[in-house]
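What follows is each chain in one-letter form.
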Amino acid sequence: MARKFFGTDGIRGRVGESPIVPDFALRLGYAAGRVLTQGGGTRPTVLIGKDTRISGYMLEAALEAGFSAAGVDVLLSGPIPTPAVAYLTRALRLSAGVVISASHNPFEDNGIKFFSGDGNKLPDSVEERIEAALDEPMGCVAPAQLGRARRIEDAAGRYIEFCKSSFPFSMDLRGLKMVVDCAHGAAYHTAPHVFHELGADVINIGDKPNGLNINDEVGATHPETVARAVREHHADIGVALDGDADRIVLVDADGRIYNGDELLYVIVADRLRDREVAGAVGTLMSNLALEQALAALGVDFARAKVGDRYVLEALYDRGWMFGGESSGHLLCLDCHTTGDGTISALQVLCAMRRSGKTLSELTARLSLFPQKLINVRVAKGFDWQNHVPLNRARSEVQAQLGSQGRILIRPSGTEPLLRVMVEARDGDLADRAARCLVDAIAA
């Protein structure tokens, strides 16, 4: 069935505009509750977590009421990272987990996504059943069957211990001075404690959320902020999370920024020290240099569509453990069922500790190719795949690039745009090639 509300990462939009309005959240809670209660059996319990946006209060209350009306018990964690909801849902043997967050978006946006009881993204089939239930009239179970709600006070503490357990017990972070940028988001009261309790000297920034400042010039989408703080404090390393703490960017003592491709390479190379790694999954946007560097290590590489959901699906299909996106969503399935910024940072720090090397040294064999990305506005319905001048130009450009570059053309999912990306070892060549393709589109 065609989806009306669920996208690749749940339901997301501008607060106050459908579907991110209280009456929809109420109906969504009820619809999801109805799906969870189908088939009888044990009374369902769900966990609702959120980031620090002011709209989280409104959506949390509406979802809670909807679940209660459907006869589903609710646990409320308050602000907590998205991966913490996935972990707690599984650890507490709950029916589902719900996250209220718009990740790296500004505070004016918000979203709702679900985890299944095993801590994974909700299967497509279940999301489709929830969408179908949204079309049904909303009701209410008998008074005695209404769901109860209570807060769990130790959610953050449980998650902190879980993160620490992903770091080898024989190691610590003593002697490491680090800056942790929490983006005024969900990890403001978890991530600094994780690194501090492992022995690091932690300097916190982006740790004072007020409901309106999430991702505002801080966090993974603004890595220059943590880079500046690392230099100011003469720190050894900086970690920048995004609003819901499922992605990271790292910077070294010189303020150099390392993206997801580089960090995935570091993690995979470290795992090869004591185990076989069959392969890793990136996306269509992952740098060609990453693919070539992993091949040099004897590690296969596969590309999925953009989105951590698709990376995860590809990992499951192949039985692999490691994957990620250039943006900093990293998946280490030997540690967690979903992307987790704090845990991913710990895996990189583990590699540094085990090798005694800096990030610069660990990535010395990976030199990312320059990428030139141009967004081209086109007429609605433009048949770019059968556009003769573009296809001719693609063939000519790819012949120039050979094995040392690639072309990616993909339509925007929300606007009449074509995204033209050329990647090459030579930055000037990438720039010329991209402009050649753009000219061909207009021909």
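We now turn to the structure provided with this report. Within each chain, residues carry numbers counting from 1 in the order of the written sequence. Local features in a predicted model are, by the rule used here, given only for residues with pLDDT of at least 70; side-chain atom pairs are given and counted only at 80 or more, and totals for whole chains, interfaces and linings are based on all residues. Only hydrogens and water are set aside when side-chain values are computed; all heavy atoms of the structure are taken into account.

1. Here's the deal with the overall build of the protein chain
Summing up its helical and strand segments, the protein chain has 14 helices and 18 strands in all. Compactness check: the protein chain gives a C-alpha radius of gyration of 23 Å against a globular reference of 22 Å for 443 residues, within 12% of the reference. Projected onto its principal axes, the C-alpha positions of the protein chain cover 70 × 60 × 40 Å. Accessible area is worked out with a 1.4 Å probe on protein chains only. A residue is then buried under 20% of its type maximum, exposed over 50%, and partly exposed in between. Counting over 443 residues, the protein chain shows a buried share of 57%. Within the protein chain, contacts between residues at least 6 apart in sequence are counted, and of these 70% link residues at least 24 apart. Residues scored as charged are limited to Lys and Arg (positive) and Asp and Glu (negative), so that His and the chain ends carry no count. Where a charge lies is defined by one atom per residue type, namely NZ (Lys), CZ (Arg), CG (Asp) and CD (Glu). Distance from the positive charge centre (48 side chains) to the negative charge centre (56 side chains) of the protein chain: 2 Å. The numbering of helices and of strands both runs from the N terminus, where a helix is a DSSP run of H or I of at least 4 residues and a strand a run of E of at least 2. C-alpha atoms define the radius of gyration, and 2.2 Å times the number of residues to the power 0.38 defines the globule rule. Working rule for contacts: check all heavy atoms of both residues, and any pair within 4.5 Å makes them a contact.

2. Remarks on the sheet that holds strand 3 (residues 73-79)
The strand order across the open sheet built from 6 strands is 1-5-4-2-3-6, with neighbouring strands paired in mixed fashion. Each edge of the sheet is formed by a strand with only one pairing partner; in this case those strands are strand 1 (11-14) and strand 6 (149-151). This sheet shows a mean twist of 20° between the axes of neighbouring strands, independent of strand direction. One requirement defines pairing of two strands: DSSP has to find at least two bridges between them. In terms of strand pairing, strand 1 meets strand 5 (residues 109-116) through 4 bridges, oriented antiparallel. Residue pairing in the sheet places Arg12 in a bridge with Gly111 of strand 5. Note on geometry: axes are C-alpha line fits, over the in-contact stretch for helices, and angles between N-to-C directions span 0 to 180 degrees. Packed on one face of the sheet, helix 2 (residues 55-69) meets strand 2 (45-50), strand 3, strand 4 (96-100), strand 5 and strand 6 and runs near 170° to strand 2. Of the strands in this sheet, strand 2, strand 4 and strand 5 are in contact with helix 3 (residues 82-91), which crosses strand 4 at around 165°.

3. Overview of the nonpolar core
In this structure, Leu173, Met178, Phe195, Leu346, Leu349 and Leu359 are the most contacted members of the largest nonpolar core, which totals 69 residues. Ranked by size, the runner-up nonpolar core spans 32 residues in total, among them Phe67, Ala96, Val98 and Leu122. Residues grouped as a nonpolar core are buried Ala, Val, Leu, Ile, Met, Phe, Trp, Tyr and Cys residues, joined through side-chain atoms within 4.5 Å.

4. Describing the pattern of salt bridges
Here a salt bridge means any side-chain nitrogen of Lys or Arg lying within 4 Å of a carboxyl oxygen belonging to Asp or Glu. Scanning the model with the defined rule gives 29 salt bridges in all. Ionic pairing is found between Glu127 and Arg309, a salt bridge with its closest N-O pair at 3.7 Å. Of this pair, Glu127 sits in helix 4 (residues 124-134) while Arg309 sits in helix 10 (residues 308-318); the two residues are 182 residues apart in sequence, bridging distant segments of the chain. What makes Glu127 buried here is its relative accessible area of 3%. One salt bridge connects Asp334 with Arg275, and the closest N-O pair in it is separated by 2.9 Å.

5. Things to note about unusual backbone geometry
With an omega of 10°, the peptide bond running from Ser18 to Pro19 counts as cis. By secondary structure assignment, the location of Pro19 is in the loop between strand 1 and helix 1 (22-37). In the Ramachandran plot, Ala183 falls in the positive-phi region, its phi being about 60° despite a non-glycine side chain. Its place among the elements puts Ala183 in the loop between strand 7 (177-181) and helix 6 (191-197). Owing to a relative accessible area of 0%, Ala183 belongs among the buried residues under this scheme. Even without being a glycine, His184 presents a positive backbone phi close to 50°. Summarising the element assignment, His184 is placed in the loop between strand 7 and helix 6.

6. Observations concerning helix 10
Residues of helix 10 that are buried: Asp308, Arg309, Val311, Leu312, Ala314 and Leu315. Looking at the buried positions of helix 10, the neighbouring elements they touch are helix 4, strand 12 (279-283), strand 13 (300-304), strand 14 (322-324) and strand 15 (330-332). Positive backbone phi, approximately 75°, marks Gly319, located one or two places after helix 10.

7. Side note on the pairing of strand 4
Where burial is concerned, most of strand 4 is hidden: 5 out of the 5 residues are buried. Residues Ala96, Val98 and Ile100 line one face of strand 4 and the alternating positions Gly97 and Val99 line the opposite face, and both faces are buried. Bridge analysis of strand 2 against strand 4 gives 5 bridges, and the strand direction is parallel. Opposite Lys50, over in strand 4, you have Ile100 as the bridge partner. When strand 4 meets strand 5, the two strands line up antiparallel, connected through 5 bridges. Bridged to Ile100 within strand 5 is Ile112.

8. Quick word on the packing of aromatic side chains
For Phe, Tyr and Trp, where Trp contributes only its six-membered ring, two rings pair if their centres lie within 6.5 Å, and the inter-plane angle classes them as stacked under 30 degrees, edge-to-face over 60, or tilted in between. Under the criterion given, the structure shown has 3 aromatic pairs. The interplanar angle of 50° and the centroid separation of 4.7 Å between the aromatic rings of Phe5 and Phe24 together place this pair among those described as tilted. Of the two residues, Phe5 sits in the segment before strand 1 while Phe24 sits in helix 1, which places them 19 residues apart along the sequence. What makes Phe5 partly exposed here is its relative accessible area of 25%. Look at Tyr87 and Phe162: their rings are 4.0 Å apart centre to centre, the planes differ by 10°, and that puts the pair in the stacked class. Of this pair, Tyr87 sits in helix 3 while Phe162 sits in helix 5 (residues 155-165), and the two are 75 residues apart along the sequence. Take Tyr87: its relative accessible area is 16%, and that puts it in the buried class. For Phe162, a relative accessible area of 10% puts it in the buried group.

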